[in-house]
Amino acid sequence: MNCGGEICILAERVSNRLQTYGTDGIIVTFDPNLCIHSGNCLRGLPLVFDRKRKRWIRPELASAGDVASQIERCPSGALQYTLKSNPSSGQKE
């Protein structure tokens, strides 16, 4: 954003905050500040990850295991997960 004011800077920070989406089996977080827009998530699991929707991550549309497996392919680490049945975080190294 280039509007030159304090309000504009604040709006940019708010729009880039951590997003959380959950189901009974998995919690998914997305940090837009880390995303490099590789598109791996969109191509790998398009039912779950769809930028055209307002709520663009819908983990309830696939199994927790499938969602976790796709998130592990995120090259930037912008996508993370925690499995609820076996609490473990997924992070691409």
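Residues numbered from 1 in each chain as written. Predicted model: local features only at pLDDT ≥ 70, side-chain atom pairs only at ≥ 80, totals over all residues. Heavy atoms only, no water.

A.B. asks: What exactly am I supposed to notice about unusual backbone geometry here?
C.D. replies: A positive phi is found at histidine 37, a non-glycine position, where the angle reads about 60°. You can see histidine 37 is positioned in the loop between strand 2 (26–30) and helix 2 (40–44). (Helix = DSSP H or I, 4+ residues; strand = E, 2+ residues; numbered from the N terminus.)

A.B. asks: Could you clarify how one ought to interpret the pairing of strand 1 (residues 19–22) in this entry?
C.D. replies: Each regular strand carries side chains that alternate between the two faces of the sheet. In this sheet, strand 2 lies alongside strand 1 in antiparallel orientation, the contact comprising four bridges. Each residue of the ladder has a partner; that of threonine 20, found in strand 2, is threonine 29. Linking two consecutive strands that pair antiparallel, namely strand 1 and strand 2, is a turn of three residues. (Pairing = 2+ DSSP bridges.)

A.B. asks: Looking at this structure, how should I read the pattern of salt bridges?
C.D. replies: Two side chains carrying opposite charge are able to pair once their charged atoms lie near each other. Tallied over the full model, the rule gives two salt bridges. The partner of arginine 58 in a salt bridge is glutamate 60, and the shortest N-O contact between them spans 2.6 Å. Overall, the relative accessible area of 27% leaves arginine 58 in the partly exposed class. On the accessibility criterion, glutamate 60 (36% relative accessible area) is partly exposed. (Salt bridge = Lys/Arg side-chain N within 4 Å of Asp/Glu carboxyl O. Buried < 20%, exposed > 50% of the residue type's maximum accessible area, 1.4 Å probe, protein only.)

A.B. asks: Sorry if this is basic, but what is going on with the side chain of threonine 23 here?
C.D. replies: Summarising the element assignment, threonine 23 is placed in the loop between strand 1 and strand 2. The exposure class assigned to threonine 23 is buried, which follows from its relative accessible area of 17%. The contact partners of threonine 23, leaving out residues within four places of it in the chain, are Pro59, Glu60 and Lys84. (Contact = heavy atoms within 4.5 Å.)

A.B. asks: Is there a simple way to think about the environment of leucine 34 in this case?
C.D. replies: Counting through the fold element by element, leucine 34 comes out in the loop between strand 2 and helix 2. Between the alpha carbons of leucine 34 and asparagine 16 there is a distance of 9.6 Å; along the sequence they are 18 residues apart.

A.B. asks: Please clarify how helix 3 (residues 64–71) should be interpreted in this entry.
C.D. replies: Every α-helix carries 3.6 residues per turn, so stepping three or four residues along brings you back to the same face. Along helix 3, the residues that are buried comprise Val67, Ala68, Gln70 and Ile71. Along the axis of helix 3, the buried positions cluster into a sector of 165°, meaning they face one direction only. Contacts from the buried residues of helix 3 go to strand 2, helix 2 and strand 3 (79–83). (Arc of directions from axis to C-beta.)

Coordinates in, geometry out; function isn't part of it.
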